[in-house]
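# Structural overview for review
Given next are the chains, with one letter for each unit.
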Amino acid sequence: MATLSTPQPTLPVSQPTLPVSMWARSLQQRAHDLIPGGAHTYAKGDDQYPELAPPFIAYGRGSHVWDLDGSEYIEYGMGLRSVGLGHAFPAVIEAVKRELANGTNFTRPSAREVEAAEVFLDCVTTAEMVKFAKNGSDATTAAVKLARAFTGRDYIAICGDQSFLSTDDWFIGSTAIAGGIPRAVRELTLKFNYNDISSLENLFASHLGRIACVILEAETSIAPRPGFLEEVRALCDKFGALLIFDEMITGFRWHLGGAQRIHGVTPDLSTFGKALANGFAVAALAGKREIMERGGLRHTGERVFLLSTTHGAETHSLVAAIATMRVYQREPVIDTLHSRGERLRNGFEEVARRHGIHDYLQVRRKSCNLIFATTDLALQPSQTYRTLFMQELIAGGILAPSFVVSYSHTERDIDRTIDVVDYAASVYARALDDGPLHYLNGCQVKPVFRPFN
Ligand SMILES: Cc1ncc(COP(=O)(O)O)c(C=O)c1O
């Protein structure tokens with residue numbers, strides 16, 4: 001914790017962020033009048049950000065965004081990790097602009113569907129077929145449905161330690177915000193623990209011949225212990241269940257081919273999205289031919305209604321995906337994500353140590369996908385300290401629900417961020433001494449998954 005002798009950095013902002021204008025505040029109220037929650041994505045909602053956060057973003061370029069009042073921020077998180085290259089990345093935008101002039105949706109498929117599938121399968125070499133969708137949730141839900149149809153079983157096993165797999169009932173029914181989801185659906189979702197193979201083995205034993213699939217992210221906050229993923233694969237094979245890896249975050253961030261390529265374990269099905277089209281709405285279900293074909297026209301078995309929506313293959317989004325994947329193929333995108341994240345991690349940790357608060361304020365996870373963890377004096381995870389830390393970052397021109405970088409984050413962005421973290425850490429240290437409420441403006445942020453407001 002800080003002592004009086006700790007040097008207190010001054011806020012290194014050349015253009016301080018402006019206070020939120022009355023106009024932006026009234027639009028924020030209007031949003032809540034018209035839209036439940038005031039936004040179309042809970043993770044962007046007002047309850048996720050401190051009071052002084054910009055209520056809306058007007059536009060973004062590269063790693064920077066501007067709010068409605070003209071304040072500029074270095075942004076992290078990047079559209080819930082969907083913008084891997086940076087905002088309005090020229091190679092993507094130019095390709096989309098050209099495509100828009102040709103129309104976006106027709107009564108028969110576009111050849112872009114084949115081209116996007118080819119480029120995708122060149123990247124994700126462990127899969128043989130792919131079907132695109134608009135949202136990651138649609139892809140994971142389709143994977144679960146396909147597994148149920150393929151195995152003729154109803155139960156599914158999900159990794160209970162992982163925070164999000166889908167907006168659909170099979171997953172949300174297993175969270176603290178399960179309102180509106182029938183008990184019958186909830187009971188079909190079973191949970192095991194990451195890195196704990198016996199918890200999965202027990203599920204298979206207690207539901208013999210009834211589990212259709214095991215679905216998990218191959219890696220999130222902690223790495224798989226040696227052998228864990230191979231053991232999950234072996235259990236699925238032994239008990240006749242499909243293995244599904246949700247690569248929504250790890251795909252196009254850990255490795256072009258996802259975490260499955262790094263860990264050398266091939267699932268039956270996997271799902272991608274997020275950085276796949278640099279913020280355009282494209283997700284993908286990919287996997288083995290014999291399973292994926294159940295959603296196709298070349299078999300005589302029972303048909304599976306697999307991912308078919310009006311907007312499922314809008315050509316401009318597919319072109320965005322093609323352009324994005326080509327940038328990943330020819331430029332050192334993933335290496336850059338890792339090295340920028342590493343620079344930020346090192347600077348962050350040095351600052352937290354210097355302020356004596358490294359036990360309370362930490363940066364975690366893989367360098368390409370950093371989050372920060374905030375705890376109180378009792379070392380308990382604290383939303384109050386999270387709010388305070390984000391508040392001080394925003395005051396210094398850094399909008400950061402996490403420290404997830406993009407290809408556009410420069411070393412200069414990172415170094416400036418570390419300077420602001422330095423200031424925010426000095427406030428954090430003082431708050432640990434004096435109590436956070438002395439420093440907090442407005443309400444604290446809240447977790448999305450809670451049963452009541
Ligand atoms: C691991 C994971 N799977 C699935 C999803 C769902 O994706 P979408 O929000 O595109 O429906 C998310 C979204 O945050 C995710 O993080």
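All values reported here derive from a predicted model rather than from experimental measurement.

Moving on, we get to the overall build of the protein chain. Helix and strand content of the protein chain: 15 helices and 13 strands. Here the protein chain has a C-alpha radius of gyration of 23 Å; the compact-globule value for 453 residues is 22 Å, and the two agree. Along the first, second and third principal axes, the C-alpha set of the protein chain runs to 75 × 55 × 45 Å. Burial status across the protein chain gives 53% buried among its 453 residues. Taken as a whole, the protein chain presents about 20400 Å² of accessible surface, with 52% of it coming from carbon and sulfur. Taking the 45 positively charged and 50 negatively charged side chains of the protein chain as two groups, their mean positions are separated by 4 Å.

Our focus in this paragraph is the site of the ligand. Around the ligand, the neighbouring residues are Asn 135, Gly 136, Ser 137, Phe 164, Leu 165, Glu 217, Asp 246, Met 248, Ile 249 and Lys 274. Gly 136 is positioned such that a nitrogen or oxygen atom in its backbone is 2.8 Å from an oxygen atom of the ligand. Here an oxygen atom of the ligand and a side-chain polar atom of Lys 274 are 2.8 Å apart. Relative to its unbound accessible surface of 390 Å², the ligand loses 80% to contact with the protein. Grouping the constituent residues of the shell around the ligand by class yields four nonpolar, three polar and three charged.

We now examine the pairing of strand 1 (residues 57-61). As paired strands, strand 1 and strand 2 (residues 64-67) are joined by four bridges and run antiparallel to one another. Counted as the bridge partner of Tyr 59 is Trp 66 from strand 2.

Reading across the sheet, the seven strands line up as 4-10-9-8-7-5-6 and stay open at both edges, with mixed pairing between neighbours. The open sheet is flanked by strand 4 (129-133) and strand 6 (189-192), the only strands paired with a single partner. Strand-to-strand twist across the sheet, computed as the mean angle between neighbouring axes with direction ignored, equals 20°. The sheet contact formed by strand 7 (residues 211-216) and strand 8 (residues 242-246) spans four bridges and is parallel. Among the inter-strand pairings, Leu 216 is bridged to a residue of strand 8, identified as Phe 245. Sheet contacts for helix 8 (residues 197-206): strand 5 (155-159), strand 6 and strand 7; angle to strand 6, the most-contacted strand, approximately 150°.

A few words on the pairing of strand 8. In the case of a regular strand, side chains alternate between the two sheet surfaces. The buried fraction of strand 8 is high, at five of five residues. The two faces of strand 8 match: Leu 242, Ile 244 and Asp 246 on one face and Leu 243 and Phe 245 on the other face are all buried. Taken together, strand 7, helix 9 (residues 228-239) and strand 8 constitute a β-α-β crossover, and its handedness is right-handed. Here strand 8 runs beside strand 9 (residues 269-272); their pairing, made up of three bridges, is parallel. Opposite Asp 246, over in strand 9, you have Thr 271 as the bridge partner.

Criteria and thresholds
- Residues numbered from 1 in each chain as written.
- Predicted model: local features only at pLDDT ≥ 70, side-chain atom pairs only at ≥ 80, totals over all residues.
- Heavy atoms only, no water.
- Helix = DSSP H or I, 4+ residues; strand = E, 2+ residues; numbered from the N terminus.
- Rg over C-alpha atoms; globule rule 2.2 N^0.38 Å.
- Buried < 20%, exposed > 50% of the residue type's maximum accessible area, 1.4 Å probe, protein only.
- Areas by Shrake-Rupley, 256 points an atom, 1.4 Å probe, with all protein chains shown as cover.
- Lys, Arg positive; Asp, Glu negative; His and termini not counted.
- Charge placed at Lys NZ, Arg CZ, Asp CG, Glu CD.
- Near = heavy atom within 4 Å.
- Polar contact = N/O pair within 3.5 Å; in protein donor to acceptor, adjacent residues only side chain to side chain.
- Nonpolar A, V, L, I, M, F, W, Y, C, P; charged D, E, K, R; others polar.
- Pairing = 2+ DSSP bridges.
- Axes fitted to C-alpha atoms, helices over the stretch in contact; angles between N-to-C directions.
- Contact = heavy atoms within 4.5 Å.
- Right-handed = clockwise from strand over helix to strand, strands pointing away.

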